[in-house]
Amino acid sequence: MELLNTLVSAVNNVLWSYVLIVMLVGLGLWFSFRTGFVQIRHLREMVRLVAEGATAKTKKGHISTFQAFCVSTASRVGVGNIAGIAIAVVVGGPGAVFWMWVIALLGAATGFVESTLAQIYKVPRRGGGFVGGPAYYIGNALGSRWGAWLFAVLISVTYGLIFNSVQANTMALSLKASFDVDPAWTGLGIAVLTGLVIFGGLNRIARVVGWMVPLMAGAYLLLAAVVTVMNITLVPEVLLLIVKSAFGVDAVTGAAFGMALMTGIKRGLFSNEAGMGSAPNAAATADVSHPAKQGLVQMLSVFIDTLLICSSTALMCLCSGVEPTAEMAGAPYVQAAMQSALGSFGPIFIAVSMALFAFTTLIGNYYYCEGCLRFIFKRTPSRAFLNVFRIIAAIIVMLGAVISMQLAWDTADLFQALMVVINVPVILILSRPAFAALGDYVSQRKQGREPAFKASDIGLREKTDFWN
């Protein structure tokens, strides 16, 4: 186990110190300039589309814009928004928060491109609805069957096994600290609950996260705002500390510029997932009249995840007066910060929040896997196979609750890096249709029309399965 941990850390160091920073920041800048900073210009349109989707009726077997938005948000909003932020502050100093903001702002443009591409190249699903994502646009648009198959397998392992282990592990540690619950019992409990949801298929998952995500995110943001307001006089000082620490050495943690940059981007990517090729799997399932609609909606999910929820956690911790130490890395730091503000209620609220965040992420992660399984087998897998896979996914959740925390997070960092290395070059090569779709959408909106998409309008006649 020690040898494995050393090997994983060494590979992560190379990928995150050199490769990933250049790829993510460079691509985010290019897409931002190429789309005229779509993430800023169309912020009002993002909000309008999400609000519209929340009340829209969908056909039987289909997933609405809002449900797809909630699925991707469920996968994004997990323990990374609580424990991940605390780890970032402890390891990279307050400056890591600044670089999380940067990667979220730039990553939103990347999220638009990959989600729009997923919509353009989606395919109808037997029984109603759609499937799609990187495996589909790598195979159908880029023409690389091996690359598509590799990504489908990688995302299935990453989300079905690795990331779910992290969620279960952090939930178990939090409940152990707050209620002295044995991690083995926590693992068994969440495995059963996860199974109850995922055995209902994609539509049940979409319905469950459709009501859970707004409820839990709203409650967490409200209490975080209360704690921040209680320390409102410290907020300007903390914001200045975040910016100063981003470009120098932090006096408390000793984290230098490079560590703040690397930690901020690493934890930011784990949280908002922009560029990884995960959210497009949810985006492709939405029933919309134009691909750019879901691209815009997915950008708002990135902002909610990082600029709202992650920032709330960071401000809550840094305004608390609790010094970040290596021993408190993760949930204990957030719980200590909440206890200093709200007494014994604080740690309990964080434990419950993490349990809810982790649970919705578990089922959101599984949602991605099932779509990729359809691609791997080139058909809808048999009910027997899906049931076996669902049982294995539930067992992995149970085992994740009792493994080493360090190994769980390091392995998650490695696998998300591998997904980025494959997905980012692909969306760079295929980005032109996404730019053209945005131009077509904006043009129709200026004419006062409800945008409707045809592949031939942007030169993709007979190159898609649906938009012809």
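Definitions and cut-offs
- Residue indices follow the written sequence of each chain, beginning from 1 at its first position.
- The model is predicted, so local features are restricted to residues of pLDDT at least 70 and side-chain atom pairs to those at 80 or more, both for listing and for counting; the totals for chains, interfaces and linings are taken over all residues.
- Hydrogens and waters are ignored; side-chain quantities use all the structure's heavy atoms.
- A patch consists of residues exposed above 30% relative accessible area that lack any salt bridge, with like charges linked at up to 9 Å and nonpolar side chains (Val, Leu, Ile, Met, Phe, Trp, Tyr) linked at up to 5 Å.
- With residues, only the protein chains shown are counted as cover, and all accessible areas are computed by Shrake-Rupley using a 1.4 Å probe.
- The salt bridge criterion pairs a side-chain nitrogen of Lys or Arg with a carboxyl oxygen of Asp or Glu, the two atoms within 4 Å.
- Working definition: helices are DSSP H or I runs of at least four residues, strands are E runs of at least two. Numbering for both runs from the N terminus.
- Relative accessibility thresholds used throughout: buried, under 20% of the residue-type maximum; exposed, over 50%; partly exposed, between the two (1.4 Å probe, protein chains only).
- The definition of a polar contact used here is a pair of N or O atoms within 3.5 Å, where within protein one atom must be able to donate a hydrogen and the other to accept one, and adjacent residues in sequence count solely through side-chain atom pairs.
- Residue contacts are counted whenever heavy atoms from the two residues lie within 4.5 Å of one another.
- Here an angle of 0 to 180 degrees is reported between the N-to-C directions of two axes, which are lines fitted to C-alpha atoms, with helices fitted over the stretch in contact.
- The cut-offs work like this: below 35 degrees is roughly parallel, past 145 is roughly antiparallel, 65 to 115 is roughly perpendicular, and the gaps in between are oblique.
- In a left-handed crossing the near helix is turned counterclockwise from the far helix by less than a right angle, and in a right-handed crossing that turn is clockwise.
- When residue character is reported, Ala, Val, Leu, Ile, Met, Phe, Trp, Tyr, Cys and Pro are called nonpolar, Asp, Glu, Lys and Arg charged, and the others, Gly included, polar.
- In this analysis, rings of Phe, Tyr and Trp, with Trp reduced to its six-membered ring, are considered paired at centre separations within 6.5 Å, and the interplanar angle assigns stacked below 30 degrees, edge-to-face beyond 60, and tilted for intermediate values.
- Charge over a ring is defined by NZ of Lys or CZ of Arg lying within 6 Å of the ring centre and within 35 degrees of the ring normal.

Trainee: It is not clear to me how a nonpolar patch on the surface should be interpreted in this structure. Could you clarify?
Mentor: Taken together, W185, L188, V192, L193 and L196 make up a surface patch of nonpolar side chains, about 530 Å² in accessible area. Here L196 lies in helix α9 (residues 183-198). Since its relative accessible area comes to 56%, L196 is described here as exposed.

Trainee: Which parts of the structure should I look at to understand the side chain of N423?
Mentor: With respect to the helices and strands, N423 occurs in helix α18 (residues 405-429). Assessed through its relative accessible area of 0%, N423 is described here as buried. In terms of polar contacts, N423 uses its side chain to reach the side chain of Y137, at 2.8 Å. When near neighbours in sequence (up to four residues on either side) are disregarded, N423 contacts E114, P134, Y137, F151, G275, M276 and G277.

Trainee: I tried to follow the pattern of salt bridges on my own but got confused; where do I start?
Mentor: A pair can form between side chains of opposite charge whenever their charged atoms are brought close. Applying the stated rule across the entire model yields 5 salt bridges. E45 is the salt-bridge partner of R48, the closest N and O atoms lying 2.9 Å from each other. Separated by 3 residues within a single helix, R48 and E45 lie in helix α3 (residues 43-55), roughly one turn from each other. Of the residues examined, E45 reaches a relative accessible area of 11% and is grouped as buried. Two residues, R445 and E45, come together in a salt bridge whose shortest N-O distance is 3.4 Å. Here the residue R445 occupies a position in helix α19 (residues 431-446), and E45 occupies one in helix α3, the gap between them amounting to 400 residues. For R445, a relative accessible area of 32% gives the class partly exposed. Ionic contacts of the salt-bridge type, sharing partners, join the residues E45, R48, E52 and R445 into one network.

Trainee: In this structure, what is going on with the packing of helix α14 (residues 291-318) against helix α15 (residues 331-342)? I would like to understand it.
Mentor: Packed helices, taken two at a time, are described by the angle between their axes plus the distance between the axes. Packing of α14 against α15 leaves a shortest axis separation of 8 Å and a crossing angle of 60°. Classed by the angle they form, the pair α14 and α15 counts as oblique. α15 is crossed by α14, and the crossing has left-handed handedness. Counting all contacts with α14, which are made through T313, M316, C317 and L318, the residues of α15 involved are Y333, V334, A337 and M338. Each residue belonging to the contact of α14 with α15 can be placed in one class, and the counts come to 7 nonpolar, 1 polar and no charged.

Trainee: Which parts of the structure should I look at to understand the packing of aromatic side chains?
Mentor: Here a ring pair, both rings aromatic, is described through the centre-centre distance and the interplanar angle of the planes. Counted by the stated rule, this structure contains 14 aromatic pairs. Grouping aromatic residues by their ring pairs yields a cluster made of F130, F453, F466 and W467. The cationic tip of K122 hangs over the ring face of F130; the distance from NZ or CZ to the ring centre is 3.8 Å. One residue, R390, lies across the ring of F199, its end atom 5.8 Å from the ring centre.

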